[in-house]
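Geometric and topological summary
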Number of protein chains: 2
Amino acid sequence: MKSARPYIQEHKDRFIEELVQLLKIPSISADSAYKEDVIKTASIIKSSLEKAGCDTVEICETPGYPIVFGEKKIDKSLPTVLVYGHYDVQPPDPVDLWDSPPFKPVIKKTKLHPEGAIFARGSCDDKGQMYMHVKALEYMTATNQLPCNVKFMIEGEEEVGSESLGWFVERNREKLANDVILISDTGMIANDIPSITTGLRGLSYVEVEVTGPNRDLHSGLYGGAVANPINILTKMIASLHDENNHITIPGFYDDVEELSTEERAKMAEAPFSKEAYCKALDIEDVYGEAGYTTNERNSIRPTLDVNGIWGGYIGEGAKTVIASKAFAKISMRLVPDQDWKKITDLFKAHFESIAPKGVTVKVNPHHGGQAYVTPIDSKGYKAAEKAYESTFGKTPIPQRSGGSIPIVSLFEKELQSKTILMGFGLDSDAIHSPNEHFGVWNYLKGIETIPQFYHYFTEMNT
Amino acid sequence: MKSARPYIQEHKDRFIEELVQLLKIPSISADSAYKEDVIKTASIIKSSLEKAGCDTVEICETPGYPIVFGEKKIDKSLPTVLVYGHYDVQPPDPVDLWDSPPFKPVIKKTKLHPEGAIFARGSCDDKGQMYMHVKALEYMTATNQLPCNVKFMIEGEEEVGSESLGWFVERNREKLANDVILISDTGMIANDIPSITTGLRGLSYVEVEVTGPNRDLHSGLYGGAVANPINILTKMIASLHDENNHITIPGFYDDVEELSTEERAKMAEAPFSKEAYCKALDIEDVYGEAGYTTNERNSIRPTLDVNGIWGGYIGEGAKTVIASKAFAKISMRLVPDQDWKKITDLFKAHFESIAPKGVTVKVNPHHGGQAYVTPIDSKGYKAAEKAYESTFGKTPIPQRSGGSIPIVSLFEKELQSKTILMGFGLDSDAIHSPNEHFGVWNYLKGIETIPQFYHYFTEMNT
């Protein structure tokens with residue numbers, strides 16, 4: 001396949017402008033206030049897929065947000081690539097920490113992105129990376145080089161657990177039949193160190209509620225005499241880690257895949273500077289589970305983090321009150337062989353069991369997903385490797401990511417095909433954070449690399 | 001002095017209506033958004049004092065909210081009673097737990113208030129109890145029975161630490177000169193068990209801030225590898241109590257007044273039903289410091305309570321984020337001989353010392369005040385005792401309260417006079433909580449009892 005570079009040069013400004021327009025819509029799936037925006041985004045994806053060359057594109061209704069399904073069939077004797085991505089985004093909170101409004105995209109140069117980066121919620125996760133595939137399809141059809149069949153499945157609930165996607169996949173195995181699933185929703189080590197994500201962590205996300213007295217109380221009249229739900233909640237959460245930062249939930253580690261010394265040695269070869277890492281985050285030191293390196297702590301080890309906590313008076317000034325209730329959102333990142341439903345049950349049983357008399361505890365599971373590891377000897381991986389080599393001039397490093405894409409393991413189970421994670425973002429792109437951005441160079445490099453994957457994958461399968 | 005009962009019967013409806021009007025104004029001193037309402041309330045207090053019979057009433061400016069000072073001099077050879085109260089109120093949060101809007105007063109019968117109670121923020125704390133004194137003055141002047149001189153000092157910052165009051169008192173010792181200070185800002189055991197508050201706890205109120213990474217992070221990419229400020233905050237707060245619920249801050253108990261076995265035995269005579277206490281709060285059991293009874297835990301023992309906590313994503317749904325910052329508002333109730341400034345310093349030093357590497361901690365002291373104990377053999381106490389006997393037909397029980405009125409010890413220091421705490425509310429009146437209320441019977445009983453205090457106090461001092 002010819003290099004897409006000339007075509008990209010010619011249409012570069014339009015490619016960027018189309019993405020900027022897409023980023024202006026606050027398609028926040030977690031907050032029902034943005035329902036119309038989420039749905040509007042789906043229809044924009046539909047028309048962009050049609051323009052890019054799909055023969056048919058449908059907006060498939062689900063119990064939740066719709067899934068956009070597009071298809072271009074060339075010849076059923078040829079392999080089929082299924083592209084997955086999502087058009088919903090994380091909430092932008094805390095909005096006041098953004099340097100520019102999250103849904104008013106601006107392009108600014110940064111140290112890591114000298115050619116400029118697009119700052120907006122969703123620019124990297126995942127509108128920008130998903131749209132690379134739409135533009136790659138445009139290139140292949142516009143230049144009559146599409147070497148195989150292609151299907152697109154773009155959902156709107158990835159940031160809230162992809163429940164409707166599971167529902168949809170189970171009901172459309174035929175329609176979704178494919179030879180490989182291609183996803184760009186992860187990152188790479190650096191612009192000059194391409195990498196392919198070979199592992200993802202699973203997730204269990206719960207919300208807990210601690211209730212003490214049936215009403216807020218005066219902390220003078222009752223302080224010291226009744227269980228304060230906030231104090232109790234801090235005690236309960238604190239007890240979930242021991243002094244070595246091991247998680248104390250009984251059975252939590254039972255199924256954890258232990259890597260061999262060789263595997264850990266190989267991991268340790270990936271370039272890492274603790275100084276640079278701490279400097280980038282303005283922290284004095286790293287912190288985590290005893291006996292593991294930073295790269296291991298955020299990839300091959302399970303974790304438990306509080307993502308949000310609230311209770312009592314949080315307004316201006318002082319209020320001497322004992323709150324009736326305290327709340328927290330807690331997520332656990334899981335590793336291969338840990339079952340997220342089992343872990344959720346273990347958490348629930350343990351958390352309820354450690355509640356002292358004087359309070360009642362509710363644990364409400366939000367959502368979750370299984371961890372995933374992909375073999376590096378599959379045709380899909382080899383094709384991706386060659387694609388990167390042809391556009392980066394370097395062999396990509398296989399890398400475990402700490403993040404989760406819950407549906408990847410679902411795809412393997414329901415569609416019996418492997419997923420290849422070709423991510424073009426950087427960890428420093430601040431996804432899920434204020435000032436999320438995506439390098440213009442990375443965006444265009446993705447559009448250039450993806451067609452090469454189609455080429456090599458077809459070659460190996462025919 | 002004649003019984004005020006006939007006069008109260010005649011003017012009852014107006015007395016209630018005047019209070020209802022006062023309760024309609026959201027004079028929330030903690031929230032600057034209500035500044036105008038707080039100031040408006042001061043001017044209403046001024047005119048009501050003038051109508052009630054004060055010769056002169058001024059609105060005295062301070063660095064914060066104004067203090068209303070009113071005076072009626074009869075004869076300087078006669079004793080002077082200084083009435084203190086406050087016209088500001090606590091924030092009504094959480095508003096959604098109120099059965100009726102906090103600033104739209106309604107009168108409803110309750111089990112403990114068969115003659116009806118006024119439901120509104122400030123009804124008991126302290127607009128209602130403060131206004132009893134205004135109406136008592138009206139009775140005494142209208143019927144030419146005021147037996148001594150009287151001064152009123154009504155402030156607007158009690159709920160946020162009375163800083164301007166300290167400033168004002170230090171500058172107006174002459175103007176405020178008195179023989180006894182009378183305050184109704186506490187409660188009594190029950191409508192058929194009158195009590196006089198002889199002790200108050202001190203207070204130290206701080207706000208803490210834990211900062212980790214310089215931005216919110218994706219909990220997948222960074223989870224397990226960096227200190228999560230919320231997890232750290234829960235660990236730090238949890239560590240402030242040991243397994244016996246003793247506070248672990250070094251030196252915290254050094255100055256705590258230990259009561260004798262006799263004193264504790266006397267305290268234990270006060271009627272208390274753990275079953276009724278738990279039932280009223282819908283809790284399975286009480287909770288607190290080992291080795292002390294419930295009545296001791298909330299009166300003669302110091303405590304540490306989180307009054308508010310927040311951090312990370314607290315909106316609808318899920319967000320997999322590691323917050324950059326986490327916050328908490330923490331208050332400590334102190335007992336006689338603990339100095340609130342020393343305790344605040346001890347807390348700050350300790351809390352900062354237990355922060356692990358990877359986070360930075362800020363402790364911002366809000367405000368505080370000293371604990372107070374009044375002797376039960378003073379003329380003021382004896383006069384109050386007789387006043388209750390004459391209107392309740394029972395001798396009131398001396399009672400230590402767990403609450404704090406930081407300025408009481410300031411009064412003793414600056415004005416060299418004792419404070420008598422004649423409270424007519426009930427602990428169950430939900431002050432500082434949703435659905436705060438004040439019994440109509442209690443309101444009128446206070447107006448009936450206060451003039452008797454003036455009578456007996458004057459009698460004993462001439």
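Right, let's walk through the structure included here. (Residues numbered from 1 in each chain as written. Chains lettered and ligands numbered in written order. Predicted model: local features only at pLDDT ≥ 70, side-chain atom pairs only at ≥ 80, totals over all residues. Heavy atoms only, no water.)

On to the sheet that holds strand E11 (residues 303–312) of chain A. Taken together, the eight strands give an open sheet; going across it, the order is E14(A)-E9(A)-E13(A)-E11(A)-E11(B)-E13(B)-E9(B)-E14(B), and neighbouring strands pair in antiparallel fashion. Looking along the sheet, the strands with just one partner apiece sit at the ends: strand E14 (360–369) of chain A together with strand E14 (360–369) of chain B. When strand polarity is set aside, the average angle formed by the axes of neighbouring strands in this sheet is 20 degrees. Sheet topology note: the E11 of chain A/strand E11 (residues 303–312) of chain B ladder contains five bridges and is antiparallel. Opposite Gly312 of chain A, over in E11 of chain B, you have Gly308 of chain B as the bridge partner. Taken strand by strand, helix H9 (residues 340–353) of chain B contacts strand E9 (202–211), E11, strand E13 (325–334) and E14 of chain B, and its axis lies near 170 degrees from that of E14 of chain B. (Pairing = 2+ DSSP bridges. Helix = DSSP H or I, 4+ residues; strand = E, 2+ residues; numbered from the N terminus. Axes fitted to C-alpha atoms, helices over the stretch in contact; angles between N-to-C directions. Contact = heavy atoms within 4.5 Å.)

Here the focus is the relation of the copies chain B and chain A. For the pair chain B and chain A, the best superposition has an RMSD of 0.1 Å and corresponds to a rotation of 180 degrees with a translation of 0.0 Å parallel to the axis. Between the two chains, the operation in question is that of a two-fold axis. Looking at the interface residues of chain B, 100% of them are also at the interface in chain A, so both copies use one shared face. (Least-squares fit on C-alpha atoms with pLDDT ≥ 70 in both.)

Below, the discussion takes up the interface of chain B and chain A. Contacts between the two partners involve 90 residues from chain B, matched on the other side by 90 residues from chain A. Summed over both partners, the interface of chain B with chain A buries about 7800 Å², with 53% contributed by carbon and sulfur atoms. Of all residues in chain B, the largest losses of buried area upon contact with chain A belong to Leu221, Tyr287 and Lys319 of chain B, amounting jointly to 9% of the total for that side. In this assembly, chain B and chain A are joined by zero salt bridges. The interface formed by chain B and chain A contains 50 residue pairs in polar contact (both at pLDDT 80 or more). Among the elements that line the side of chain B that touches chain A, the one with the most residues is E11 of chain B, at ten residues. Here the residues of the side of chain B that touches chain A are counted per class, giving 35 nonpolar, 34 polar and 21 charged. (Buried area = accessible area lost by both parts, 1.4 Å probe. Salt bridge = Lys/Arg side-chain N within 4 Å of Asp/Glu carboxyl O. Polar contact = N/O pair within 3.5 Å; in protein donor to acceptor, adjacent residues only side chain to side chain. Nonpolar A, V, L, I, M, F, W, Y, C, P; charged D, E, K, R; others polar.)

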